[in-house]
Amino acid sequence: MIRIGALISGTGSNLEAVRQACEAGEIDGKIVFAGADKPSAKGLAIAEKAGVPTFVVDYASIIKTFKTSFEKFSLPADFDINQVVAQSRLFEGGVPTDEEIDFFRTRAAAEAGLLSHMAAYSFDLLILAGFMRKLTPYFIDRVNIDPAAPRIMNIHPALLPSFPGTDGYGDTWRYGCKVGGCTVHFVDYGEDTGPIIGQKAFPITPSDTLETVKEKGLQLEWQLYPECIRLFAEGRLKVTTRPYGGAAGETRERRVVNIS
Ligand code: GRF
């Protein structure tokens with residue numbers, strides 16, 4: 001049985017789908033905590049009702065302290081801005097802007113808060129279930145103890161690599177796509193760029209609205225996330241490196257997930 005931790009920001013419907021799949025025996029697993037980035041996350045109440053321990057790290061208040069009462073703000077002792085900037089692929093390369101440096105500092109402070117709550121639980125897998133915050137290498141490296149065996153999963157509301165970011169269904173809809181979908185992937189140092197584990201797609205017809213696109217997508221998310229977590233629990237996911245030739249004849253590579 002695997003122990004699953006979850007991070008949420010919203011209604012927690014994916015968390016609930018995964019929890020129910022565990023309870024039904026479809027996943028040999030158990031949700032051991034649910035953490036949120038804001039006290040108002042509705043999913044917290046759903047988790048608590050199901051007996052799942054919860055915690056909150058209030059990102060907004062940490063960011064506010066940084067901006068308005070810097071003397072009260074503290075960085076984690078083991079935070080190294082140069083290392084995080086060098087590793088991260090959240091922003092375009094080159095010299096980081098002041099805003100980007102501030103982003104990494106405030107996120108590291110919040111992520112240290114997450115890590116200190118999470119330290120109370122042992123877990124095999126961390127799932128992001130509608131967690132609307134970017135994670136930095138500071139956090140990712142402290143969860144992925146073995147870089148060859150990533151263990152943070154995310155569900156994204158679009159068919160990656162199309163439409164990364166916070167509004168996948170909205171972007172799909174506005175673009176006029178005739179197919180939408182959702183993707184489960186391991187988290188890496190970029191934004192929604194990690195190795196893809198599974199995807200599901202649905203047709204978008206002339207009678208669809210943004211609302212119906214979101215509804216269709218969420219229905220598929222509730223199937224896809226448990227399926228992917230089940231594969232993880234069964235030890236069937238392996239991340240490997242796939243080399244390929246670039247346009248200029250150079251050798252490039254990408255990390256991909258092999259499913260056995
Ligand atoms: C989902 O559409 C997920 O793909 C996105 O945020 C939404 C979260 O929904 N990242 P919920 O909180 O699981 O209900």
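Use the structure listed above.
Scoring rules and cut-offs
- Residues numbered from 1 in each chain as written.
- Predicted model: local features only at pLDDT ≥ 70, side-chain atom pairs only at ≥ 80, totals over all residues.
- Heavy atoms only, no water.
- Core = buried A, V, L, I, M, F, W, Y, C linked by side-chain atoms within 4.5 Å.
- Buried < 20%, exposed > 50% of the residue type's maximum accessible area, 1.4 Å probe, protein only.
- Helix = DSSP H or I, 4+ residues; strand = E, 2+ residues; numbered from the N terminus.
- Contact = heavy atoms within 4.5 Å.
- Phe/Tyr/Trp six-rings, centres within 6.5 Å; stacked < 30°, edge-to-face > 60°.
- Pairing = 2+ DSSP bridges.
- Right-handed = clockwise from strand over helix to strand, strands pointing away.

Residues Ile127, Met153, Tyr225 and Ile229 are the most contacted members of the largest nonpolar core, which totals 42 residues. Take this core: its biggest share by element is 8 residues, from helix 8 (residues 210-233). Discounting chain neighbours no more than four positions away, the residues touching Tyr225 are Asn14, Val18, Ile127, Leu128, Ala129, Met153, Asn154, Ile155 and Val184. Counting residues in each nonpolar core, the second largest holds 33 residues, with Phe55, Val84, Met118 and Leu135 among its members.

Enumeration according to the criterion identifies 14 aromatic pairs in this entry. When the centroid spacing of 5.7 Å and the interplanar angle of 85° are considered together, the rings of Phe33 and Phe123 count as edge-to-face. Placement of Phe33 in strand 2 (residues 29-36) and of Phe123 in the loop between helix 5 (98-118) and strand 4 (125-128) is noted, with a sequence separation of 90 residues between them. Here Phe33 matches Phe123 in class, with each residue buried. By the ring-pair criterion, three or more aromatic residues cluster together here, those being Phe33, Phe55, Tyr121 and Phe123.

In terms of residue burial, strand 2 counts as a mostly covered element, since 7 of its 8 residues are buried. With 7 bridges joining them, strand 1 (residues 2-8) and strand 2 adopt parallel strand pairing. Of the residues in strand 2, the one forming a bridge with Leu7 is Gly35. The parallel pair strand 1 and strand 2, bridged by helix 1 (residues 13-23), forms a crossover whose chirality is right-handed. Once you follow strand 2 into helix 2 (residues 43-49) and on to strand 3 (residues 54-56), the crossover reads as right-handed.

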